[in-house]
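Inside the fold
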Amino acid sequence: MNNKINYLLNTVRCMHRCNYVLIPKSSATARKHILWIDRYRDPLENVNFRKLFLNIFPSPCGSSLRFLSQKTDVFSTGAKIEPEKGVEALVSEQAPQSSLELEKLDDSGSSKVKPVTNRGELFFNSLRKCTCPCDALDLASESAVSIKHFTNCLTMAWRLFKNLSEDQQRYEKQLIFEHPMFAKICQQLLRDARRMSRGDLVFSLHAVVNLGVPQNTLLVQTLMRVCQEKLNQLDNRCLSVLATTLSGLDKDKNVSALQAGLQLLVEQRIPSITDIFILQNLMKCTGKDAPLFLKKKFEMAVLKEIDHLTFPNALRVVLALVAMNYCSVPILNACSKKIQENIHGTPFRQLIVILEACYSLQYRNVKLVSALADYVNSTACLWDKRQIILFLSAFETLGFQPSELMDIFAKKVIEDPEFLNLKNLLIVLRVYSRLNYVPKDQKHLFFETLHSCLNKYLPEIPNTELLRAVYSLCVLGYLPHRAIDELLQKDSRDELLSDDLHNEQKEIMLHCVKACMELDSPSFTKPAFVLTESFSSLVSPTLRKAQEALIELLGDENMFQQNVQLPHKYHIDFEIRMDAGRKKVLPIAAADDPADSSVQRLAFLFVPLSAFCVGTMHPQGKLAVKKRHLNKLGYHVILVPNKKFQEMTNEDAVQFLRGKIYSENAFSFSEVTVQDNN
């Protein structure tokens, strides 16, 4: 009798476990229905689902699960979870230990599966054949009998989910959250969290977080707590996955505590980590708040493996350095060479990311940026006009002038100006003005086209944006009269300066516009002489070397003037006056005769390297305007990169100034051009 009852109970349990096998596979039909008929709804609106396993806390920072004591019960939030019993528990204990564990969370989509036998082998073979997340969940409902099977189904669901487009992910997420097996898998994770292997644990946490389960839920907090308890048992690969997961979570007490423990463990293990992929994941998680000594440890570990760098790894390492806000020139140089070797075929977004990373790290590698510009030039016909605008904007932030690309784009603007909306117009004006570039062909037509586009937007353009647009055109030497009249109206000017934010910058731009209106006007004539005012004879420490070199070269302080203030608030560092043939330097006092128009005035400007376009001596916008206006005032302007001048010996400094004063070609500027980081 007892045997018959036991047999009946076992039969009922088996039927219960296999209940989803009896249901026809309709995930594809349901997916089609959701994608094309149903209106999208937030998956978390399903109240029953939330009650099943989420137990959402009111605030992430107010979570009662804290990583301060390992003695605290994982389920102390009030959720009563019965211990796992029955057939599934027994089978779980006897299940093979192989699992679908990801070697790396990369974009290749490859996975390594350890060989298993019998039913386990059949399960994993079926899992590899899944084509969408719900297929993996269907398989879990049909065949999964252990926690390892459940975690692998969940991980596979995430792997398939991340390869979908953004729109597909929105709808697929709804299907996942509404799938009856998803809630059961999450319940299983809650029950077996402490008994899971380290790989299953971290990959399950990674999957549920990236599938969209809220951070402040009992499930996520429980998995994080168990990860903290087993932190010392995690191998390097598991640490990498955990670091990747934490980098995508908001800061709260639990995440901060787990990150602190992870950082301590990583400090000890860095010397033993030889996988660059793992290193860059840990670097990314460590972030910019990491101490300097830890950043240097990462740097040394990456340099040891730098010879094995691949193109994808080079990109990831660069992004990891950005995340740490650490400019390691040796690593960046190695990554730059690898990027240059594989530049052809690089997607648009990766090219932009590289340029943005160079800007974030203040890394000026002329060879790298030039290679990127050359590649974009050679493939310009493949890019959309708006993509080219983004390229130009990225180059502009670096201060690099891609002249060929700017010529190509100027022709596109002339041919089809209609694609320039207000936002893109302002970007184009900013790029060309800051990089001080005038197209070689059809210069006037290009400016007229931009001016016409600006006039079209005058009724709707905000005053601040109007000021920027007018300022950009004036920097290029073009006066947009209609826009200037609109800008300088009293009401517009008062409204423009009523905002205290960036008021000083607006005043500078307005002053520049007014100076351009006077000095760049066709009616402006070169003055016979310029009234100047000398400031204090004190010279800044950075210019003291130049002062001493001029005294040694000219023999007397009366042969030059320093700290000179000119009209329109222009300032020059040193002024020298010479005869018409530039053979003799004249004393300042003797050359003050206004009737003597044969006197040539030289203006020395010592400027930082950042005032030039990267890798060249081509002045950027502000410096170019100043140079143009000083020429209008009768000065011959000599630009000197201050840093390079300071690096010269005293003898070389004297010879350099001698060449610039008496003969423009006696000392070539090529000797002081900007060098790259190689």
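**Things to note about the overall build of the chain**
The helix and strand tally for the chain stands at 31 helices and eight strands. The buried share among the 678 residues of the chain stands at 51%. In the chain, the proportion of contacts linking residues at least 24 apart, taken out of those at least 6 apart, comes to 73%. Accessible surface for the chain amounts to roughly 33100 Å². Of this, 51% is attributable to carbon and sulfur atoms.

**Section: the pattern of salt bridges**
Taken as a whole, this structure holds 18 salt bridges when the rule is applied. With a closest N to O distance of 2.4 Å, Asp 192 and Arg 195 form a salt bridge. What makes Arg 195 exposed here is its relative accessible area of 53%. We note a salt bridge from Lys 338 to Glu 341, for which the minimum N-O separation is 3.7 Å. Of this pair, Lys 338 and Glu 341 both sit in helix H17 (residues 329-341), three residues apart, which is roughly one turn of the helix. Judged by relative accessible area, Lys 338 falls into the partly exposed class, the value being 23%. Among the charged side chains, a salt-bridge network with shared partners connects Arg 194, Arg 225 and Glu 229.

**Let's talk about empty space enclosed by the protein**
Summed over all chains, the structure comprises three cavities of 30 Å³ or more. Each pocket or cavity is described by its volume, and for the largest cavity that value is around 70 Å³. Those elements that provide at least two residues to the lining of the largest cavity are H17 and helix H18 (348-360). When residues in the lining of the largest cavity are grouped by element, the largest group, four residues, is from H17. Per-class residue counts for the lining of the largest cavity are ten nonpolar, one polar and no charged.

**Focus on the packing of aromatic side chains**
The tally for this structure, following the rule as stated, stands at 16 aromatic pairs. Taken together, a centroid distance of 6.5 Å and an interplanar angle of 50° make the contact between Tyr 432 and Tyr 437 tilted. Here Tyr 432 falls in the buried class, since its relative accessible area comes to 1%. Between Phe 446 and Phe 447, the ring centres sit 6.0 Å apart and the planes meet at 45°, which makes this aromatic pair tilted. Accessibility classification places Phe 446 together with Phe 447 in one group, the buried group. In this structure, Arg 170 is placed above the aromatic ring of Tyr 171, and the distance from its NZ or CZ to the ring centre is 5.1 Å. Here Lys 385 stacks its cationic end above the ring of Phe 419, 5.4 Å away from the centre of that ring.

**Things to note about the packing of helix H7 (residues 147-162) against helix H10 (residues 198-210)**
Closest axis-to-axis distance for the H7/H10 pair is 9 Å, and the angle between their directions is 40°. As the angle between them shows, H7 and H10 are arranged oblique. The crossing of H7 and H10 is left-handed. Together, Lys 148, Thr 151, Asn 152, Leu 154, Thr 155, Trp 158 and Phe 161 of H7 and Asp 200, Phe 203, Ser 204, His 206, Ala 207, Val 208 and Asn 210 of H10 make up the contact between the two elements.

**Overview of the packing of helix H12 (residues 236-247) against helix H14 (residues 276-286)**
Direction vectors running N to C along H12 and H14 enclose 35°, while the axes themselves pass 8 Å from each other. The element H12 and its partner H14 pack so that their crossing is left-handed. Contacts from Asn 236, Arg 237, Leu 239, Ser 240, Ala 243, Thr 244, Leu 246 and Ser 247 in H12 reach Phe 277, Ile 278, Asn 281, Leu 282 and Cys 285 in H14. Residue composition of the contact of H12 with H14, by class: seven nonpolar, five polar and one charged.

**Here's the deal with the nonpolar core**
Ranked by size, the top nonpolar core spans 178 residues in total, and within it Leu 242 and Phe 391 carry the most contacts. Element by element, the count of residues in this core is highest for H7, at nine residues. The contact partners of Phe 391, leaving out residues within four places of it in the chain, are Phe 348, Leu 351, Ile 352, Leu 355, Val 376, Trp 383 and Leu 405. By size, the runner-up hydrophobic cluster in this structure holds 24 residues, among which are Phe 574, Ile 576, Phe 606 and Met 648.

**Description of the side chain of Ser 328**
When you line up the elements, Ser 328 lands in the loop between helix H16 (311-324) and H17. The class of Ser 328 is buried, set by a relative accessible area of 1%. Of the polar contacts made by the side chain of Ser 328, one reaches the side chain of Glu 299; its length is 2.5 Å. Beyond its immediate chain neighbours, meaning those up to four positions away, Ser 328 contacts Glu 299 and Leu 321.

**Examining the environment of His 344**
Within the secondary structure layout, His 344 lies in the loop between H17 and H18. For His 344, a relative accessible area of 64% gives the class exposed. For the pair formed by His 344 and Tyr 375, sequence separation is 31 residues and the distance between their alpha carbons is 7.0 Å.

**A few points about helix H20 (residues 385-398)**
Because an α-helix completes one turn every 3.6 residues, residues spaced three or four positions apart along the sequence face the same direction. Taking 1.5 Å of rise per residue, 14 residues should cover 20 Å, and H20 covers 20 Å from first to last C-alpha, within 8% of that figure. Among the residues of H20, Ile 388, Ile 389, Phe 391, Leu 392, Ser 393, Ala 394, Phe 395, Glu 396 and Leu 398 are the ones counted as buried. Taken together, the buried residues of H20 touch H18, helix H19 (366-378), helix H21 (403-415) and helix H22 (422-434). Among the residues of H20, the N-terminal cap falls to Asp 384, whose side-chain oxygen and the backbone nitrogen of Arg 386 are separated by 2.9 Å. Looking one or two residues past H20, Gly 399 carries a phi angle of roughly 75°, positive in sign.

Calculation criteria
- Residues numbered from 1 in each chain as written.
- Predicted model: local features only at pLDDT ≥ 70, side-chain atom pairs only at ≥ 80, totals over all residues.
- Heavy atoms only, no water.
- Helix = DSSP H or I, 4+ residues; strand = E, 2+ residues; numbered from the N terminus.
- Buried < 20%, exposed > 50% of the residue type's maximum accessible area, 1.4 Å probe, protein only.
- Contact = heavy atoms within 4.5 Å.
- Areas by Shrake-Rupley, 256 points an atom, 1.4 Å probe, with all protein chains shown as cover.
- Salt bridge = Lys/Arg side-chain N within 4 Å of Asp/Glu carboxyl O.
- 1 Å grid on protein atoms, 1.4 Å probe; cavity = no way out; pocket = protein on both sides within 12 Å on 5 of 7 lines; lining within 4 Å.
- Points joined across faces, edges and corners; volume = space filled by probe spheres on them.
- Nonpolar A, V, L, I, M, F, W, Y, C, P; charged D, E, K, R; others polar.
- Phe/Tyr/Trp six-rings, centres within 6.5 Å; stacked < 30°, edge-to-face > 60°.
- Lys NZ or Arg CZ within 6 Å of the ring centre and 35° of its normal.
- Axes fitted to C-alpha atoms, helices over the stretch in contact; angles between N-to-C directions.
- Parallel < 35°, antiparallel > 145°, perpendicular 65-115°, else oblique.
- Left-handed = near helix turned anticlockwise from the far one by under 90°.
- Core = buried A, V, L, I, M, F, W, Y, C linked by side-chain atoms within 4.5 Å.
- Polar contact = N/O pair within 3.5 Å; in protein donor to acceptor, adjacent residues only side chain to side chain.
- Expected span 1.5 Å × (residues − 1).

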